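Commentary on secondary and tertiary structure
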Amino acid sequence: DAKTTQPPSMDCAEGRAANLPCNHSTISGNEYVYWYRQIHSQGPQYIIHGLKNNETNEMASLIITEDRKSSTLILPHATLRDTAVYYCIVRPFGDTGFQKLVFGTGTRLLVSP
Amino acid sequence: DGGITQSPKYLFRKEGQNVTLSCEQNLNHDAMYWYRQDPGQGLRLIYYSQIVNDFQKGDIAEGYSVSREKKESFPLTVTSAQKNPTAFYLCASNPGQVRGTEAFFGQGTRLTVV
């Protein structure tokens, strides 16, 4: 079962910031938060990940709360091409080093003109 | 360029036939995964492999089989025992042993059984 909860859908106006929330209240201390997105009929694309500090890259920013029970993915200036399903994933890191990705149903973001 | 390649992009098969989906990666990744996605749904794990000649069942392995004879290749066979094989199939890989690294996905194979 997925260990994250996301709203099923969100809307955003083109050029505005898109803030996508994710709840992961059962996250453990050695688990990372990952974000992927999937544009229709394509494979998921990695966006960003973090452990406890806020992270930023050329695609997005990731804000993780101090208690690590939730996070927000921020697309600072959304474009029409950002319309996709966004997945928030908690990634376990076991003793063997094996990482099993568990995807939920994600948030469908619709960016409109 | 390094990446993960799935072929074919679209596949049609008659009911009762086995079909094999190809997944190849040149990223030197140890771990590879197969997922299934149905319309409007998230990804569900079919099989995964941490290393050559080893693989494990995921959440929905019934009716599927895999092999991992080479590090670069992780083919998935959809057998006639799979009751609802029509779906979008995604292959992924990641280094497998390094903390904090992302997974790379192929572009998927859309299988339609008629």
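These notes cover the structure that comes with them. (Residues numbered from 1 in each chain as written. Chains lettered and ligands numbered in written order. Predicted model: local features only at pLDDT ≥ 70, side-chain atom pairs only at ≥ 80, totals over all residues. Heavy atoms only, no water.)

Moving on: the overall build of chain B. Of regular secondary structure, chain B possesses 0 helices and 11 strands. Mapped from its N terminus to its C terminus, chain B presents α and β elements in the order β-β-β-β-β-β-β-β-β-β-β. For a compact globule of 114 residues, the expected C-alpha radius of gyration is about 13 Å, and chain B comes in at 13 Å, within 12% of that figure. Principal-axis analysis of the C-alpha atoms places the extent of chain B at approximately 40 × 25 × 25 Å. Expressed as a percentage of its 114 residues, the buried residues of chain B come to 48%. As presented, chain B carries roughly 5,600 Å² of accessible surface, and 46% of it is formed by carbon and sulfur atoms. (Helix = DSSP H or I, 4+ residues; strand = E, 2+ residues; numbered from the N terminus. Rg over C-alpha atoms; globule rule 2.2 N^0.38 Å. Buried < 20%, exposed > 50% of the residue type's maximum accessible area, 1.4 Å probe, protein only. Areas by Shrake-Rupley, 256 points an atom, 1.4 Å probe, with all protein chains shown as cover.)

With that out of the way, let us pick up the state of the cysteines. For the structure on display, the rule yields 2 disulfides over all chains. Residue pairing for C22(A): its cysteine sulfur links by disulfide to C88(A), the two sulfurs lying 2.1 Å apart. The chirality of the disulfide connecting C22(A) with C88(A) is left-handed, given an S-S dihedral of about -80°. Remark: C88(A) occurs in strand β8 (residues 84-91) and C22(A) occurs in strand β2 (residues 18-23); sequence separation between them is 66 residues. As far as the burial class goes, C22(A) and C88(A) line up, both buried. Linked covalently through their sulfurs, C23(B) and C91(B) form a disulfide whose S-S length is 1.9 Å. One quick way to see it: the torsion about the S-S bond of C23(B) and C91(B) is about -75°, and its sign makes the bridge left-handed. (Disulfide = S-S within 2.5 Å.)

Let us look at the interface of chain A and chain B. In this complex, chain A contributes 24 residues to the contact, which on the side of chain B involves 27 residues. Of the roughly 2,100 Å² buried between chain A and chain B on both sides combined, carbon and sulfur atoms contribute 51%. For the pair chain A and chain B, the number of links is 0 salt bridges. At the junction of chain A and chain B, the tally comes to 4 residue pairs in polar contact (both at pLDDT 80 or more). At the level of secondary structure, the elements contributing two or more residues to the side of chain A that touches chain B comprise β3 (32-38), β4 (45-50) and β8 of chain A. It is β3(A) that contributes the most residues to the side of chain A that touches chain B, 4 residues altogether. Here the side of chain A that touches chain B is built from residues that sort into 10 nonpolar, 11 polar and 3 charged. (Contact = heavy atoms within 4.5 Å. Buried area = accessible area lost by both parts, 1.4 Å probe. Salt bridge = Lys/Arg side-chain N within 4 Å of Asp/Glu carboxyl O. Polar contact = N/O pair within 3.5 Å; in protein donor to acceptor, adjacent residues only side chain to side chain. Nonpolar A, V, L, I, M, F, W, Y, C, P; charged D, E, K, R; others polar.)

All names here are of chain A. Across the sheet, which stays open at both edges, the 4 strands sit in the order β2-β7-β6-β5 with antiparallel pairing between neighbours. Looking at which strands have only one partner, the edges of the open sheet turn out to be β2 and β5 (55-56). Pairing of strand β6 (residues 61-64) with strand β7 (residues 70-75), which is carried by 4 bridges, proceeds in the antiparallel orientation. Bridging across to β7, I63 finds its partner in T72. (Pairing = 2+ DSSP bridges.)

A word on the packing of aromatic side chains. Going through the model one piece at a time under the given rule, you end up with 9 aromatic pairs over all chains. Between Y36(A) and Y46(A), the aromatic rings sit 5.9 Å apart at their centres with planes inclined by 75°, giving edge-to-face as the arrangement. With a gap of 10 residues between them, Y36(A) in strand β3 and Y46(A) in strand β4 connect regions that are remote in the sequence. Classification of Y36(A) as buried rests on a relative accessible area of 0%. Ring geometry for Y33(B) versus Y35(B): centroids 6.1 Å apart, planes at 25°, classification stacked. Accessibility expressed as a relative area gives 0% for Y33(B), which makes it buried. By way of ring pairs, the aromatic residues Y32(A), Y34(A), Y36(A), Y46(A), Y33(B), Y35(B) and F105(B) are connected into one cluster. (Phe/Tyr/Trp six-rings, centres within 6.5 Å; stacked < 30°, edge-to-face > 60°.)

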